[in-house]
Every structure is written in C-alpha cells, then in structure tokens.
Amino acid sequence: MSEELRPGLEGVLVAESELSYIDGEAGKLVYRGYAIEDLAREASYEEVLYLLWHGELPTPAQLDRFSEEMATQRSLAPGTMDVVRELADQEEEPMAALRTITSALSAADEDAGEAEVTDLEANVRKGKRITAKMPTALAAFKRLRDGDEPVEPDPELDHAENFLYMLNGEVPDAVLSETFDMALVLHADHGLNASTFSAMVTASTLADIHAAVTSAIGTLSGSLHGGANANVMRMLQEVDDSEMDSVDWVVNALDRGERIAGFGHRVYDVKDPRAKILGEKSEELGEAAGDTRWYEMSVAIEDFMAEEKGIPPNVDFYSATTYYQMGIPIDLFTPIFAISRVGGWIAHVLEQYEDNRLIRPRARYVGELERSYPPVAER
Ligand code: COA
C-alpha cells in the first residue's frame, strides 16, 4: 500500500469517467467529447442534461419529450414550500437554504425510499425532479425573503427562461434568457471538482441521490469553490467604493496575504475556457447598458494577475459581473452555480452507482501512540 501523502488529493486518479475532460495546459473543456465553446453557443441546458445523463445528444423528439418531462416537474409540494417559507422568514443564508430545501425534496419524491438506491431509471426520474425543482425553490426563497409571493413555474418556458421568470415575475428578454442558459451550460460539469467528488463519496456508501446532492451543495458553498463567484463581485464593489486604482487595490490585498477571488485553479494552468466565454458576455452586457466599468476593472485585474503572479482567472471571475449586470442579487450567485452543477452531480452519481466501490482513503497518523489512560479524577 502506497504511503505517499497527497494533500488535497492533488493529481490523484480515483475513478474513470466519460462525462467531462479538462486539459489544464491547453485550456480545453469537453462534455462527452463536445467542446464547451460549441455547447455554450449552440446547446440549451436541457440538451446538456440529456447528454450528460444519457450519453448522447438528444434527437429533436427526445429533446422535446425530455424538456416537457422536466417542465412538468417544476412545482414544489406544499410541504416543501412550507420549508422554503420558513427559511425565508428566518433570513437563512441562500446556500444553506438551498441545501436544506434540496434535502427536503425527498419527502415528496415518489421514488425516494421506494426504488433501489442504484436503480438507474428511478435515479434519472429523481434527478429530473431535483433539477427541475431546485430553481423553483431558489426563486421562491428569494421572493419570499423580499416580501413577495412566489411565482408559479410556467411549463411553456424553457428551463433558463422559467427561472428568470419565477425570480423577477416577468418573462425575460432573449438576451437575458440566452445569457443565463449559456451560464447554466458552462457550469454543468467539471470533472471531479470538490462538490462532485463529495456527491460521489456520499453515493459510494449507497446513500441515495438526495443525500449525494445535499452533500454536494454543502461542499459547493465554500469560498475556495462555488462561493468564489459572490466574493468576486463583493471585491469589485469594494474596489469601486475605495475609489482606488483596481491594480493598487489588488496589490494591497496580496500584500495583506489575501487571495484574489476568481483566480487560480487546481487543474488549469492557463485561462479557464469558461472565463473566456463569460468575459465576452460580461463585456457585451456592459456595452448594452452603457457602463463597462465592471468589465474594465476586471480586465485590469486579470492583466495584473497574469503578468505579476502568473495566475489566470477561473469561471467565477467573469460569471460574477455577468450575473450582476443581469440584475441578479450577489448572494444568489453561488446557488445559481448549484442549480446548474446539479446536472453534473447527478451524472457522476449515476456513474458511481453503475460501478460502485466505497470511497475510503486513509490519513497518515501523526498523533501519539500507547498513552496510558488516567482516570478523570486524576487529571
Ligand atoms: N490569489 C492569490 N494567490 C493565489 C490564488 C489567488 N486566487 N490562487 C492561488 N494562489 C497562489 C497561492 O498563494 C499559492 O502560492 P504559494 O505557492 O506562493 O503559497 C499558489 O498560488 C498555489 O495555490 P494553492 O492553494 O496551493 O493551489 P490549490 O490548487 O490548492 O488552490 C484554489 C486552488 C482554486 C483553491 C485557489 O486558486 C484559490 O484559493 N482561488 C481563489 C478562490 C477561487 O476563485 N475559487 C474558485 C475556483 S473555480
């Protein structure tokens, strides 16, 4: 047995997967062989879900059927909506709320507790329900905490359009819905990132898919992972408020030993291809609004980080200003990452169940051995 220590499991291969491939030196990402650039430009989130879960792109008839099945699963059971209301009343933090609500979805899922944990067809049905209902729950949570009533999902709208409709109470224009759909496609899967691995670890114990997705949401919430997108925007606002030059602000932050949110990646050595695509979107949105301040600030920081630190931006750097310019509240950025990545989590959980082995690494023990136990009274 190897005694080599690999902190953070860096570079360790733990599974075979056919879902997504990352070439960190070339800055390349593919889902099941299809380049992320092509999917971002051409495919809808529903198509990508189908591709990830079923292995092939859907035919028009398959896509219609799949999209319809997803659309009819969007409503929340009354008991689940009660949970959403309660959490909104308590002003729960949105990622914690989404984690709790997603866990609660199993109570009203007709397959949960009935089908075998590894039953593929039941898991695809559960996966559709989870993926269809998470956006409804998030939009309802946001509206309720703002003192508005939830908006019922509209089955005539596609997944991305419907989320923005439920969030804002009006059908979004084509630019907004296409941008949002593209963001969902870009975030849908990314190899064995921490939250996906967390879902796989949970599934590997033969816990069910709701447990796996709930674990993953908890893992995504941290600032080194999904939480970074909200931190990017908070940082840019701080830079703006400081009225300092953005590069000077970053130099000061680095001098204080801080990390710059939205930079660095365990797998990419070069610019994340998703950041390239979202950077273009962020620029377009700024130009359309006649205010390219956020984009220009971002480019200045990116150039500095590349030249001085050799650290390129990751997906979160430009998703932040993209969402912000779409009018999405900052504390919903990470939950929005979750309502996309749930597609990848489910795909990896299906792969895990198909060829399961309990995931159970070891730690090198560096504590003491053979101490004699003193009774409480003698300590
Ligand atoms: N800002 C400043 N320095 C950074 C940095 C950042 N965002 N990311 C990495 N570095 C530096 C580290 O300080 C370290 O330098 P050192 O060797 O001189 O100590 C070096 O780069 C390697 O960092 P390390 O933490 O070992 O890399 P990792 O693979 O463990 O971490 C991340 C990857 C993503 C956790 C890390 O880049 C990070 O914290 N980024 C900011 C949060 C973020 O955007 N997360 C979203 C990822 S999609």
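Throughout this description, residue numbers start from 1 for each chain and increase along the sequence as written. Local features in this predicted model are restricted to residues of pLDDT 70 or higher, and side-chain atom pairs are both shown and tallied only at a pLDDT of 80 or more, whereas totals for entire chains, interfaces and linings draw on every residue. With hydrogens and water excluded, all non-hydrogen atoms of the structure serve as input to the side-chain values.

**Q** Where do I start with the overall build of the protein chain in this structure?
**A** What the protein chain contains, in helices and strands, is 16 helices and 3 strands. C-alpha atoms define the radius of gyration, and 2.2 Å times the number of residues to the power 0.38 defines the globule rule. In terms of overall dimensions, the protein chain is globule-like: its C-alpha atoms have a radius of gyration of 22 Å, near the 21 Å expected for 379 residues. The principal-axis extents of the C-alpha atoms in the protein chain amount to approximately 70 × 55 × 50 Å. Partly exposed residues are those whose accessible area sits between 20% and 50% of the maximum for their type, while under 20% is buried and over 50% is exposed, using a 1.4 Å probe and protein chains only. Residues classed as buried in the protein chain amount to 50% of the 379 residues present. Here, two residues are considered to be in contact whenever any of their heavy atoms come within 4.5 Å of each other. The contacts of the protein chain with a sequence gap of at least 6 include a subset with a gap of at least 24, amounting to 75%. Each accessible area is a Shrake-Rupley estimate made with a 1.4 Å probe; only the visible protein chains count as cover when residues are assessed. Total accessible area on the protein chain stands at roughly 18,500 Å², and carbon and sulfur atoms take up 46% of it. Of the side chains in the protein chain, 33 bear a positive and 71 a negative charge, and the two mean positions are spaced by 6 Å. Secondary structure elements are taken from DSSP: a helix is a run of H or I of four residues or more, a strand is a run of E of two residues or more, and numbering for both begins at the N terminus. Only four residue types enter the tally: Lys and Arg on the positive side, Asp and Glu on the negative side, with His and both chain ends excluded. By convention, charge coordinates are those of NZ in Lys, CZ in Arg, CG in Asp, or CD in Glu.

**Q** Where do I start with the packing of aromatic side chains in this structure?
**A** Two numbers describe a pair of aromatic rings. These are the distance of the centres and the angle of the planes. Each pair of aromatic rings taken from Phe, Tyr and Trp, with Trp reduced to its six-membered ring, is defined by centres within 6.5 Å and is described as stacked if the planes are under 30 degrees apart, edge-to-face if over 60, and tilted in the remaining cases. Scanning the model with the defined rule gives 8 aromatic pairs in all. An angle of 40° between the planes, with centres 6.2 Å apart, marks the rings of Tyr-295 and Tyr-318 as tilted. Taken as a pair, Tyr-295 in helix α14 (residues 293–309) and Tyr-318 in helix α15 (residues 315–325) lie far apart in primary sequence, 23 residues in all. Accessibility assignment for this pair places Tyr-295 and Tyr-318 in one class, buried. Consider the rings of Tyr-323 and Phe-333, whose centres lie 5.5 Å apart with planes at 65°: the pair is edge-to-face. One end of the pair, Tyr-323, is in helix α15; the other, Phe-333, is in helix α16 (residues 333–354), with 10 residues separating them in the sequence. Members of the aromatic cluster, connected to one another through ring pairs, are Phe-263, Tyr-295, Phe-317 and Tyr-318.

**Q** Just checking my understanding: could you explain unusual backbone geometry for this structure?
**A** The bulk of non-glycine residues show a negative phi, and the bulk of peptide bonds are trans. For Arg-32, which is not a glycine, the phi torsion comes out positive at approximately 45°. Position of Arg-32 relative to the elements: it lies in the loop between β2 (28–31) and β3 (34–35). For Glu-243, which is not glycine, the phi torsion reads 60° and is therefore positive. Mapped onto the secondary structure, Glu-243 falls in the loop between α11 (228–242) and α12 (246–255).

**Q** Can you walk me through a nonpolar patch on the surface in this structure?
**A** A patch is a set of surface residues, each over 30% in relative accessible area and not in a salt bridge, joined within 9 Å for like charges and within 5 Å for the nonpolar side chains Val, Leu, Ile, Met, Phe, Trp and Tyr. One side-chain nitrogen of Lys or Arg within 4 Å of one carboxyl oxygen of Asp or Glu is enough to make a salt bridge. Together, Leu-9, Val-12, Val-14 and Leu-192 give the surface a local cluster of nonpolar side chains, amounting to about 280 Å² of exposed area. On the secondary structure map, Val-14 appears in the segment before β1 (20–23). Judged by relative accessible area, Val-14 falls into the partly exposed class, the value being 43%.

**Q** I tried to follow the pairing of β2 on my own but got confused; where do I start?
**A** When a strand is regular, its side chains alternate between the sheet's two faces. Relative to β2, β1 runs antiparallel, the two sharing 4 bridges. Bridging from a neighbouring strand, Ile-22 pairs with Leu-29 of β2. Following β1, the chain reverses through 4 residues before pairing antiparallel with β2; Gly-27 in that reversal takes a positive phi of roughly 70°. Bridge count for β2 against β3 is 2 bridges, and the pairing is antiparallel. Bridge assignment links Tyr-31 to a residue of β3, and that residue is Tyr-34. Whether two strands pair comes down to DSSP finding at least two bridges between them. Linking two consecutive strands that pair antiparallel, namely β2 and β3, is a turn of 2 residues; a positive phi of about 45° is found at Arg-32 within it.

**Q** Help me out: how do you make sense of the sheet that holds β3 in this one?
**A** Across a sheet, paired strands are connected by hydrogen bonds in the backbone, their directions being either parallel or antiparallel. Read from one edge of the open sheet, 3 strands run β1-β2-β3, paired in antiparallel fashion. For this open sheet the edge positions go to β1 and β3, each flanked by a neighbour on one side alone.

**Q** Would you mind going over the site of the ligand with me for this structure?
**A** Around the ligand lies a shell of 15 residues, among which Arg-259, Ile-260, Gly-262, Phe-263 and Arg-266 are the nearest. Between the ligand and Arg-259, the relevant distance is 2.8 Å, taken from an oxygen atom to a side-chain nitrogen or oxygen of the residue. Pairs of N or O atoms are called polar contacts if they sit within 3.5 Å, as long as, within protein, a hydrogen donor faces a hydrogen acceptor (for residues adjacent in sequence, only side-chain-to-side-chain pairs). Between an oxygen atom of the ligand and a side-chain N or O atom of Asn-314, the distance comes to 3.0 Å. When the ligand is considered free in solution it has 860 Å² of accessible area, and contact with the protein chains removes 62% of it. Using protein atoms alone on a 1 Å grid, points that fit a 1.4 Å probe yet trap it form a cavity, whereas open point sets bounded by protein on both sides within 12 Å along at least five of seven lines form a pocket; residues with an atom within 4 Å of a point count as lining. If over half the atoms of a molecule are within 2 Å of the grid points of a cavity or pocket, the molecule is regarded as sitting in it. Assessed atom by atom at 2 Å from the grid points, the ligand resides in the largest pocket. When residue character is reported, Ala, Val, Leu, Ile, Met, Phe, Trp, Tyr, Cys and Pro are called nonpolar, Asp, Glu, Lys and Arg charged, and the others, Gly included, polar. Split by residue class, the shell around the ligand holds 6 nonpolar, 6 polar and 3 charged. Nearness here has a simple test: a residue counts as near a molecule or strand if at least one of its heavy atoms is within 4 Å of that partner.

**Q** What is the right way to look at a negative patch on the surface in this model?
**A** A grouping of Asp-82, Glu-86, Asp-89 and Glu-91 is seen on the molecular surface, where their side chains present a negatively charged patch. By the secondary structure assignment, Asp-82 is in helix α4 (residues 78–89).

**Q** Looking at this structure, I do not really get α15. What am I missing?
**A** One turn of an α-helix holds 3.6 residues; hence residues three or four places apart share an orientation. Burial runs high along α15: 9 of the 11 residues are buried. Within the sequence span of α15, burial applies to Val-315, Asp-316, Phe-317, Tyr-318, Ser-319, Ala-320, Thr-321, Thr-322 and Tyr-323. Taken together, the buried residues of α15 touch α8 (174–187), α11, α13 (273–289), α14 and α16. For α15, the side-chain oxygen to backbone nitrogen distance between the N-cap and Asp-316 is 3.0 Å, and the N-cap itself is Asn-314. After α15 finishes, the residue Gly-327 shows a positive phi value of roughly 85°.

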